[in-house]
Amino acid sequence: ASLGCPVLREEPYVPEKLDAQLDDQVARFLADPQKFRYDANRETLYLSPIFKWFGQDFKKAGGVVSFLKTHLPQELAQKLSDKTAIKWLEYDWSLNEKEGE
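The shown structure was predicted, so the numbers you read here are calculated from the model rather than taken from an experiment. (Residues numbered from 1 in each chain as written. Predicted model: local features only at pLDDT ≥ 70, side-chain atom pairs only at ≥ 80, totals over all residues. Heavy atoms only, no water.)

Here the focus is the confidence of the model for the protein. Summing up the model confidence of the protein, the mean pLDDT is 93 and the portion of residues at 70 or higher is 96%. No element of the protein has a lower mean pLDDT than helix α3 (residues 64-69), at 95, and none a higher one than strand β2 (residues 44-47), at 98. (pLDDT = per-residue confidence, 0-100. Helix = DSSP H or I, 4+ residues; strand = E, 2+ residues; numbered from the N terminus.)

Below, the structure written as structure tokens:
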């Protein structure tokens, strides 16, 4: 419900499309500079604290950076390593409300 969360889909998740739907959600999340950005000059990733809070969930993928590399354009993914600095962005706890509420 908060603006810092991933955006909810306007369609239900269904088994036959689940992988594609989840990949799309990751792409949408990473396209939001309030949740992900990379500063090439500083070789620093700026990430939503969701990646820190749920860090255990990314262990199977080899960690957060490894997970991100599989979802980013190749030219950006190649710049990232385990030595890439990570800074945590502010989480937006304000509620996702409809206009006029």
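A word on the pattern of salt bridges. It is possible for side chains of opposite charge to pair when their charged atoms get near one another. Going through the model one piece at a time under the given rule, you end up with six salt bridges. One continuous salt-bridge network, built from bridges that share partners, spans Arg 9, Glu 11, Lys 17, Asp 24 and Arg 28. (Salt bridge = Lys/Arg side-chain N within 4 Å of Asp/Glu carboxyl O.)

On to the packing of aromatic side chains, then. In the structure shown here, the tally under the stated rule is six aromatic pairs. Considering the side-chain rings of Phe 51 and Phe 58, the 5.4 Å spacing of their centres and the 40° angle between planes classify their relative orientation as tilted. Relative accessible area serves as the criterion here: at 6%, Phe 51 is assigned to the buried category. Feature note: the residues Phe 29, Phe 51, Phe 58 and Phe 67 constitute an aromatic cluster, connected by ring pairs. Taking NZ or CZ as reference, Arg 37 lies 5.3 Å from the ring centre of Tyr 46, over its face. (Phe/Tyr/Trp six-rings, centres within 6.5 Å; stacked < 30°, edge-to-face > 60°. Buried < 20%, exposed > 50% of the residue type's maximum accessible area, 1.4 Å probe, protein only. Lys NZ or Arg CZ within 6 Å of the ring centre and 35° of its normal.)

This paragraph deals with the sheet that holds strand β3 (residues 85-88). The strand order across the open sheet formed by three strands is β1-β2-β3, and the pairing between neighbours is mixed. The sheet is open, and its two borders are formed by β1 (36-39) and β3, each paired with just one other strand. Pairwise comparison of adjacent strand axes, ignoring direction, gives a mean angle of 20° for this sheet. (Pairing = 2+ DSSP bridges. Axes fitted to C-alpha atoms, helices over the stretch in contact; angles between N-to-C directions.)

Another aspect to go through is a nonpolar patch on the surface. A grouping of Tyr 13, Leu 18 and Leu 22 is seen on the molecular surface, where their side chains present a nonpolar patch of about 260 Å² in accessible area. Counting through the fold element by element, Tyr 13 comes out in the segment before α1 (18-30). Of the residues examined, Tyr 13 reaches a relative accessible area of 43% and is grouped as partly exposed. (Patch = residues over 30% accessible without salt bridge, like charges linked within 9 Å, V, L, I, M, F, W, Y side chains within 5 Å. Areas by Shrake-Rupley, 256 points an atom, 1.4 Å probe, with all protein chains shown as cover.)

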